[in-house]
Amino acid sequence: MALPGPTAAERFFNGILPENPVYRQLLGMCPTLAVTGAVKPAMTMAAATAFVLISANGIISLIRGLLRPHLRILVFTLTIAAFVTIADRALQAYMYQMSKELGPYVPLIIVNCLIISRCEICASKQNLGVALADAVGMSLGFGLALASIATVREILGSGTWFGLPVMPSGWPNWGIMVLPPGAFLTLGLLLAVAEWIGLRRQEKGTET
Amino acid sequence: MDTAITLIQIALGAALINNFVLHYFVGICPFLGVSRRVDTAFGMGCAVTFVISIAALLSWVFTYFILRPAAPVPTWVWRVCGGDPRTTVDLSVLSYVMYIFVIASSVQFVELYVRKFFPYLYKSFGVFLPLITTNCAILFACLEIMKRLQDPDRLWGLHEALTLAVGGGLGFTIAIVLMAGIREELDMCDVPKPLVGAGIGLITAGILAMAFMGFTGVDKGIENAINLLLR
Amino acid sequence: MSKAPRKGGYVSQAWLVIVLALLYGGALAGVQTTLGPRIAENKKSETYDVIPHLVEGAARAKTTERTVTGAVDGKPHPVYRAVTGDGTLCGWALPATGLGFADRIDLLIGLCADASTITGIYVLEQKETPGLGNLIGTDEFRGQFAGKRADEPIQVVTAGPVAGNEIRALTGATISCDSVADIVNATVENLREPIRQLGAQEPLEPNDVPRGRGG
């Protein structure tokens, strides 16, 4: 390891905005689209993903000295699958209705590219502190992205936010927003907004 | 006859009505990443359909005999080891770990087999095979099959599981090929700058998903039509 | 699993995987033993909690599961026998399933003690269109089923007043409403007679032990 790699603070802040997993890296699109019909399931999903990501990053970072290059993906997958099972069981035991609503998307965290890519890029190369900071930062970034999409979809689609009515009583609910097409359209437009802000920043940077 | 209707409904449901990509959002990564040209998209679709069928076969066998609640193999082992015959054995907590291993090893196996015996096929879609391990569509199919094996009153047979898998794979192929066709045209369009790439891809997918919503209710209609004909 | 050591050299390479697999296996077993009973209880409650709302006077703790053979399809079906606090049979709850407009609809149908009247229905699971078909779960729609006769099929009408065994469809969701009525009719026709016989056979069973499933 010639390069020391980014520090814990850099990793942490990178995860939230500059390398946001959804808007910048386009990782973990499947839950991003599937569970963002309302804010509550989206936040539960973000919490479950954060639990798995932090635990997996921590474990992988602790055992990074013992990893064999050709077996590392196997170890990552095994670790992630074990923690996903724990998260899934806990949801079923303590939030049964929510776990039914999320359905297959909780076990699908196993194949969320976000987690395996963080294990590969950060946890298998750096120490525990950096790996945990990275995992927390990425989880916050993922949570923010999910929250933004879910907010747009829930307010337009159901006139509520976190289950509380926010729109005037005559609001005609845009049913399409809580259906699959609404997910694609919302994410597409929000991505464009993120890109537009990025482009504006670049232009300003070149002018001055 | 009932079986035939059920199978038609499962296949139609997975391929068109509740399309894996456009309704369940599984396999989005290759859908947005690989679908640049129609022929590569078709190759990817074939590879996924192939692997999904094999993974579904294996996961059905594992789930039916070992992982479902009160499955025969662990129950038998429990009895032989002198366990209380009134308690049921449930190994479903191991399902997710098992599925991911089944998928990873079936991808490896398919890659070896295809390279050895069908070099031509390997040339056309072999490059996609390693990518498929992390394709959520395959794990999703395994999970759907698992869900249907949890309820002892409505157990799915192997034929139903395989129909779901092949239907889902076909649905993935249809979606990704359609998307690639549209993208080839989009390359010649003047897309607003912030939308270039994933943005316009997602919006196109949204419009495709709206079109696919038109299939809703077709399975019910087919059931009614067949019942009317039989009457 | 797929990484079982075949040669001596593999053990030295794969020991980490094996140790991890054992560790995780232990952790999962622990999770299953602590949370398993709770999950099983949650799954059971889902159905059992609804029954007192469907069958008047039913005591949740005394409700038990039975299996009857369908009169039409000849297959075994689970039914729930609802009993009042003092042990008198007061009704039945039948799980029913069928194809709706978008996906399967799972219902629970309440019948009175002699299986002659429907006491209510409850939608356990549905994925109908938001804002239209998913209104089948509202009290306004499902309340129409209470008090209908079980010996003749329920008809769905889209306009005009409802009479006898008719219910009114929701605007814009005729197919969903038809589906619910079809599921109710098919299940009631299939199970009404077997349930009536079962009710006549076992009027009182003070030592009834509830039979849990899927534990």
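Fair warning: this is a prediction, and the values are worked out from it, not measured in the lab. (Residues numbered from 1 in each chain as written. Chains lettered and ligands numbered in written order. Predicted model: local features only at pLDDT ≥ 70, side-chain atom pairs only at ≥ 80, totals over all residues. Heavy atoms only, no water.)

A. Expanded view of the overall build of chain B. A count of helical and extended segments in chain B gives 11 helices and 0 strands. Element order for chain B, N to C, with α for helix and β for strand: α-α-α-α-α-α-α-α-α-α-α. In chain B, which comprises 231 residues, the proportion classed as buried is 52%. Relative to all contacts within chain B whose residues are 6 or more apart in sequence, the contacts with residues 24 or more apart total 75%. Split by element, the accessible area of chain B, about 10,500 Å² in all, is 69% carbon and sulfur. For chain B, the separation between the mean place of its 15 positive charges and that of its 15 negative charges on side chains is 5 Å. (Helix = DSSP H or I, 4+ residues; strand = E, 2+ residues; numbered from the N terminus. Buried < 20%, exposed > 50% of the residue type's maximum accessible area, 1.4 Å probe, protein only. Contact = heavy atoms within 4.5 Å. Areas by Shrake-Rupley, 256 points an atom, 1.4 Å probe, with all protein chains shown as cover. Lys, Arg positive; Asp, Glu negative; His and termini not counted. Charge placed at Lys NZ, Arg CZ, Asp CG, Glu CD.)

B. Representation of the interface of chain B and chain A in the model. Between chain B and chain A, the contact holds 33 residues from the first and 36 residues from the second. Note on chain B versus chain A: buried area summed over both sides is about 3,100 Å², and carbon and sulfur give 85% of it. At the junction of chain B with chain A, the criterion picks out 0 salt bridges. Connecting chain B to chain A are 2 residue pairs in polar contact (both at pLDDT 80 or more). Secondary-structure elements contributing two or more residues to the side of chain B that touches chain A are α2 (28-33), α5 (95-117), α8 (136-148) and α10 (198-213) of chain B. It is α10 of chain B that provides the largest number of residues to the side of chain B that touches chain A, a total of 9 residues. Considering only residue class, the side of chain B that touches chain A consists of 26 nonpolar, 6 polar and 1 charged. (Buried area = accessible area lost by both parts, 1.4 Å probe. Salt bridge = Lys/Arg side-chain N within 4 Å of Asp/Glu carboxyl O. Polar contact = N/O pair within 3.5 Å; in protein donor to acceptor, adjacent residues only side chain to side chain. Nonpolar A, V, L, I, M, F, W, Y, C, P; charged D, E, K, R; others polar.)

C. Region of interest: the interface of chain A and chain C. Contact residues are listed per partner, giving 24 residues for chain A and 23 residues for chain C. On the chain A side of the interface with chain C, the three residues burying the most area are Leu78, Arg89 and Tyr96 of chain A, jointly 23% of the side's total. The interface formed by chain A and chain C contains 2 salt bridges. Seen at the junction of chain A and chain C, the total is 8 residue pairs in polar contact (both at pLDDT 80 or more). Those elements that provide at least two residues to the side of chain A that touches chain C are α4 (72-94) and α5 (96-102) of chain A. If one sorts the elements of the side of chain A that touches chain C by residue count, α4 of chain A sits on top with 12 residues. Of the residues belonging to the side of chain A that touches chain C, the class tally is 16 nonpolar, 5 polar and 3 charged.

D. How the structure looks around the packing of aromatic side chains. For the structure shown, the criterion picks out 17 aromatic pairs over all chains. With a centroid separation of 5.1 Å and an interplanar angle of 75°, the aromatic rings of Tyr64 of chain B and Phe65 of chain B are classed as edge-to-face. On the basis of relative accessible area, Phe65 of chain B is assigned to the partly exposed category, the value being 34%. Aromatic pair Tyr48 of chain C and Tyr80 of chain C: ring centres 5.3 Å apart, planes at 80°, arrangement edge-to-face. One end of the pair, Tyr48 of chain C, is in helix α1 (residues 8-48); the other, Tyr80 of chain C, is in strand β2 (residues 76-83), with 32 residues separating them in the sequence. A relative accessible area of 5% means that Tyr80 of chain C is categorised as buried. Here the aromatic cluster, defined as three or more aromatic residues joined through ring pairs, consists of Phe109, Tyr113, Phe117 and Phe118 of chain B. Taking the ring centre of Tyr64 of chain B as reference, the NZ or CZ of Arg68 of chain B above it sits at 4.4 Å. (Phe/Tyr/Trp six-rings, centres within 6.5 Å; stacked < 30°, edge-to-face > 60°. Lys NZ or Arg CZ within 6 Å of the ring centre and 35° of its normal.)

E. A look at the side chain of Gln92 of chain A. Relative to the helices and strands, Gln92 of chain A resides in helix α4. A relative accessible area of 13% places Gln92 of chain A in the buried class. The residues contacting Gln92 of chain A, other than those within four sequence positions of it, are Ser99 of chain A together with Ile39, Asn42 and Lys43 of chain C.

F. Region of the structure containing the pattern of salt bridges. Inspection of every chain in the model, using the stated rule, returns 15 salt bridges over all chains. The shortest N-O distance in the salt bridge between Glu125 of chain C and Lys100 of chain A comes to 3.3 Å. Residue Glu125 of chain C is located in strand β5 (residues 118-125), and its partner Lys100 of chain A is located in helix α5; the two belong to separate chains. Of the residues examined, Glu125 of chain C reaches a relative accessible area of 32% and is grouped as partly exposed. Note on Lys100 of chain A: relative accessible area 27%, which makes it partly exposed. Here the residues in one salt-bridge network are Lys100 of chain A together with Glu46 and Glu125 of chain C, joined through shared partners.

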